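Summary of structural features
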Amino acid sequence: MMFGAEPGGKLPVTIGDDYEFGHGLSYESDDSGAIENLQPAEDLSLQAGESVKISFDSEPGMDASFALRAPLFNPLSAPTEMPMTEVENGHYVGYWTATNNLSVAGAEIEVIIADEFGNVERDIAEGRLFINQ
């Protein structure tokens, strides 16, 4: 068996009585990093200059970002991931503002979180964006 062969996997480490002082690392439980209460939960129509608030709840202290996923969207013309801020303990928020040079029907909003060990979790909001439609 190769340890760490699966992305996001946990090492099957047992210290027991073998190491008197342990190894100094702590591993999160399997339910850490869960993304809950992801918003927007409903479809939204945005015109140029209007903004959408993207938010979710998770473990405190995570590195959070979001990205718009849309057909024919050129990721080279804009950042692919935009940062989110932890505004309260475990509550993350980000904003995106529609521009007049983008017209998209049904863009998905994907949120991404990473912990200090490099474990990454992604989720897609139920609500879709209809931009300049």
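Note that the coordinates shown come from a computational prediction; the quantities given were computed from them, not determined experimentally.

1. Digging into the environment of Glu108
- Here Glu108 shows up in strand β8 (residues 104–114).
- A residue is classified by how much of its surface remains accessible, and Glu108, at 25% relative accessible area, is partly exposed.
- When the C-alpha atoms of Glu108 and Ala67 are compared, they prove to be 8.3 Å apart, with 41 residues separating the residues in sequence.
- When neighbours within four sequence positions are excluded, Glu108 is seen to be in contact with Ala67, Leu68, Arg69, Ile124 and Arg128.

2. Focus: the sheet that holds strand β3 (residues 51–57)
- A sheet is described by the order of its strands in space; here four strands give the open sequence β1-β3-β7-β6, paired in antiparallel fashion. The open sheet terminates on both sides in strands that have one partner only, identified here as β1 (36–39) and β6 (85–88). Along the sheet, successive strands turn relative to each other by an average axial angle of 25°, direction set aside.
- As judged from the two bridges shared by β1 and β3, these two strands associate in the antiparallel manner. Each bridged residue has a counterpart across the sheet, and for Gln39 the counterpart in β3 is Ser55.

3. Quick notes on the pattern of salt bridges
- If you walk through the whole model with that rule in mind, you get three salt bridges.
- Between Arg69 and Glu110 there is a salt bridge whose closest N-O contact spans 2.7 Å. Pair noted here: Arg69 is in strand β4 (residues 63–69) and Glu110 is in strand β8, with a separation of 41 residues, a long-range link.
- Given a relative accessible area of 10%, Glu110 falls into the buried group.
- Between Glu108 and Arg128 there is a salt bridge, and its shortest N-O distance comes to 3.4 Å. Taken together, the residues Glu108 in strand β8 and Arg128 in the loop between β9 (120–124) and β10 (129–131) connect sequence positions 20 residues apart.
- Overall, Arg128 belongs to the partly exposed group, its relative accessible area being 24%.
- Connected through shared salt-bridge partners, Arg69, Glu110 and Arg122 make up one network.

Each value, and the rule that gives it
- Residues numbered from 1 in each chain as written.
- Predicted model: local features only at pLDDT ≥ 70, side-chain atom pairs only at ≥ 80, totals over all residues.
- Heavy atoms only, no water.
- Helix = DSSP H or I, 4+ residues; strand = E, 2+ residues; numbered from the N terminus.
- Buried < 20%, exposed > 50% of the residue type's maximum accessible area, 1.4 Å probe, protein only.
- Contact = heavy atoms within 4.5 Å.
- Pairing = 2+ DSSP bridges.
- Axes fitted to C-alpha atoms, helices over the stretch in contact; angles between N-to-C directions.
- Salt bridge = Lys/Arg side-chain N within 4 Å of Asp/Glu carboxyl O.

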